[in-house]
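# An overview of the molecular structure
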There are 2 protein chains.
Amino acid sequence: MTDVEKLTKQMEFIIEIDKMKSIYRRTKIADKSRLENDAEHSYHLAMMALLLIEHANDSNIDPIKVLKMVLIHDLVEIDAGDTYAYDAAGHQDKFERENAAAQRLFSILPDEQRNELNELWLEFEERQTVEAKFASALDSIQPLILNYLNGGEVWKENNITSEMVWNRNKKIGEVSEGLWLYAQHIIRKSIEQGILQA
Amino acid sequence: MTDVEKLTKQMEFIIEIDKMKSIYRRTKIADKSRLENDAEHSYHLAMMALLLIEHANDSNIDPIKVLKMVLIHDLVEIDAGDTYAYDAAGHQDKFERENAAAQRLFSILPDEQRNELNELWLEFEERQTVEAKFASALDSIQPLILNYLNGGEVWKENNITSEMVWNRNKKIGEVSEGLWLYAQHIIRKSIEQGILQA
């Protein structure tokens, strides 16, 4: 494949992922004005990966892999849509829907990059490596912080309780004691301030 | 500084940069529905940095530095606002406004990260290194592609001509022949299709 052919495929993919800006999540941005979209969420996680990696329990963590993982982890939602973290029914066929999306989307790219992104995405989904667990911890704590800041309207609409939030976030401790302490602090403040149902 | 103190500062910064989601640029997203914001733009550039680095003329380019640079390059707009690429008056005091913003914003972080982000931002602004030039090339070509896709409404509103677009983008060739050929192709197609004034 010539460089021009590769660039043509890469640009087709780059144009395709503009759709990330129109996939809305079930979390409002901090100022409460509207729901956050996937491009914004992924950007926020990338900045967190850049700044918070020192809080990983395992100092051998690969920071670049975490950064790449958070950048690509939600691309599959271009086809599969956002599945709310607390939507048990939606999670039943989530992997199937997202895997089909990964196959279609990543296949737009030249083979080597298709394979790299697909492997990164699968590694993230499987939550077995320290990098995947750290990326996943960021993916949990970011909406927790936003919900706290925006007054928890979406939590209230969906009858989310502190126990549900606790259960969703407690795995953070496996990869970062510091982030888990911070998450607990936010959960406690949310309960105290009536933002989250005890 | 303890780990908790560092994390507290880092989280304050991470909360502050949520404002990137509310800083609107003078470019519409591909589907024409609305203007793009800085978080989305920075996300898009990060994905381009991840995928297009092989097209740099200089194979010694540091891909991670480019990635970090595009992630942080527009943070200063939280205070300084977006200055339109074709706004000559706005560019007169742009550096002054943005430098003040950099000082305030990056100072929220622990010293080491404050220094790292400030240096990365200055390096980007100075456009002297190959990484800064490549990041800047992505920063030019991304809105070019979006304007082509969205029908160039913002170009038309601002009486932007192909010569202005050409002049803004020609520096891409310094760091990437491939990207510059692609940019020229998009400019030509934009003129042919009446999206851009010849």
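Everything in this summary refers to the structure shown in the same document. (Residues numbered from 1 in each chain as written. Chains lettered and ligands numbered in written order. Predicted model: local features only at pLDDT ≥ 70, side-chain atom pairs only at ≥ 80, totals over all residues. Heavy atoms only, no water.)

Further remarks concern the overall build of chain A. When you go through chain A residue by residue, the secondary structure sums to 12 helices and two strands. Compactness check: chain A gives a C-alpha radius of gyration of 17 Å against a globular reference of 16 Å for 198 residues, within 12% of the reference. Considering only C-alpha atoms, chain A reaches an extent of 60 × 35 × 30 Å along its principal axes. Counted over contacts in chain A with a minimum sequence separation of 6, partners at least 24 positions apart contribute 68%. Accessible surface for chain A amounts to roughly 8300 Å². Of this, 47% is attributable to carbon and sulfur atoms. Of the side-chain charges in chain A, 23 are positive and 35 negative, and the distance between the mean point of each set is 4 Å. (Helix = DSSP H or I, 4+ residues; strand = E, 2+ residues; numbered from the N terminus. Rg over C-alpha atoms; globule rule 2.2 N^0.38 Å. Contact = heavy atoms within 4.5 Å. Areas by Shrake-Rupley, 256 points an atom, 1.4 Å probe, with all protein chains shown as cover. Lys, Arg positive; Asp, Glu negative; His and termini not counted. Charge placed at Lys NZ, Arg CZ, Asp CG, Glu CD.)

The next thing to look at is helix H12 (residues 177-192) of chain A. Residues and elements named next belong to chain A. For H12, with 16 residues, the first-to-last C-alpha span of 23 Å sits near the 22 Å given by 1.5 Å per residue. Residues Leu179, Trp180, Tyr182, Ala183, Gln184, Ile186, Ile187 and Ser190 constitute the buried set of H12. Backbone geometry just downstream of H12 places Gly194 in the positive-phi region, at approximately 70°. (Expected span 1.5 Å × (residues − 1). Buried < 20%, exposed > 50% of the residue type's maximum accessible area, 1.4 Å probe, protein only.)

All names here are of chain B. In this fold, Asn159 is placed in the loop between helix H9 (153-157) and helix H10 (162-169). Here Asn159 falls in the exposed class, since its relative accessible area comes to 53%. For the pair Asn159 and Leu196, spaced 37 residues apart in the sequence, the C-alpha separation amounts to 9.1 Å.

Residues and elements named next belong to chain B. With the rule as written, the count across this model stands at 32 salt bridges over all chains. Its salt-bridge partner being Arg104, residue Glu16 comes within 2.8 Å of it at the nearest N-O pair. Here Glu16 is found in helix H1 (residues 3-16), whereas its partner Arg104 is found in helix H6 (residues 94-106), with 88 residues between them in sequence. The class of Glu16 is buried, set by a relative accessible area of 13%. (Salt bridge = Lys/Arg side-chain N within 4 Å of Asp/Glu carboxyl O.)

Here the focus is the relation of the copies chain B and chain A. Overlaying chain B with chain A gives an RMSD of 0.0 Å, the required rotation being 180° about an axis along which the chain moves by 0.0 Å. Taken together, these values place the two copies in the relation of a two-fold axis. (Least-squares fit on C-alpha atoms with pLDDT ≥ 70 in both.)

The relative placement of two aromatic rings is captured by the distance of their centres and the angle of their planes. Under the criterion given, the structure shown has eight aromatic pairs over all chains. Judged by centre distance (5.0 Å) and plane angle (70°), the ring pair of A:Trp166 and A:Trp180 falls under edge-to-face. Of the two residues, A:Trp166 sits in helix H10 (residues 162-169) while A:Trp180 sits in helix H12, which places them 14 residues apart along the sequence. Aromatic pair B:Phe13 and B:Phe106: ring centres 6.5 Å apart, planes at 45°, arrangement tilted. With B:Phe13 in helix H1 and B:Phe106 in helix H6, the pair connects residues that are 93 residues apart, well separated along the chain. Both residues of the pair, B:Phe13 and B:Phe106, count as buried. Just above the ring of A:Phe124 sits the side chain of A:Arg127; from NZ or CZ to the centre is 4.3 Å. (Phe/Tyr/Trp six-rings, centres within 6.5 Å; stacked < 30°, edge-to-face > 60°. Lys NZ or Arg CZ within 6 Å of the ring centre and 35° of its normal.)

A common way to express how large an interface is: the accessible area buried when the components associate. At the interface, 50 residues of chain B touch 50 residues of chain A. Across the chain B to chain A interface the summed buried area is about 4200 Å²; carbon plus sulfur atoms make up 72%. Among the residues of chain B in contact with chain A, B:Lys21, B:Tyr43 and B:Leu51 are the three that bury the most area, contributing 17% of the side total. On inspection of chain B and its partner chain A, the count reaches four salt bridges. For A:Lys6, the salt bridge goes to B:Glu54, with nearest N and O atoms at 2.8 Å. Applying the counting criterion to the chain B and chain A interface returns 26 residue pairs in polar contact (both at pLDDT 80 or more). (Buried area = accessible area lost by both parts, 1.4 Å probe. Polar contact = N/O pair within 3.5 Å; in protein donor to acceptor, adjacent residues only side chain to side chain.)

What follows covers the packing of helix H3 (residues 63-72) of chain A against helix H8 (residues 130-149) of chain A. Residue and element names in this part refer to chain A. Close contact between H3 and H8 brings their axes to 9 Å; oriented N to C, the two are set at 50°. Relative to H8, the element H3 lies oblique. Regarding H3 and H8, the two cross each other, and that crossing is right-handed. Where H3 abuts H8, its residues Lys65, Val66, Met69 and Val70 lie against Glu131, Ala132, Phe134, Ala135 and Leu138. Grouping the amino acids of the contact of H3 with H8 by side-chain chemistry returns seven nonpolar, no polar and two charged. (Axes fitted to C-alpha atoms, helices over the stretch in contact; angles between N-to-C directions. Parallel < 35°, antiparallel > 145°, perpendicular 65-115°, else oblique. Left-handed = near helix turned anticlockwise from the far one by under 90°. Nonpolar A, V, L, I, M, F, W, Y, C, P; charged D, E, K, R; others polar.)

Let us now look at the packing of helix H8 (residues 130-149) of chain B against H10(B). Residue and element names in this part refer to chain B. Interhelical geometry of H8 versus H10 gives an angle of 150° and a closest axis separation of 9 Å. What the angle tells us is that H8 and H10 run roughly antiparallel. Across the interface between the two elements, Asp139, Ser140, Ile141, Pro143 and Leu144 from H8 touch Val165, Arg168 and Asn169 from H10. The residue makeup of the contact of H8 with H10, split by class, is four nonpolar, two polar and two charged.

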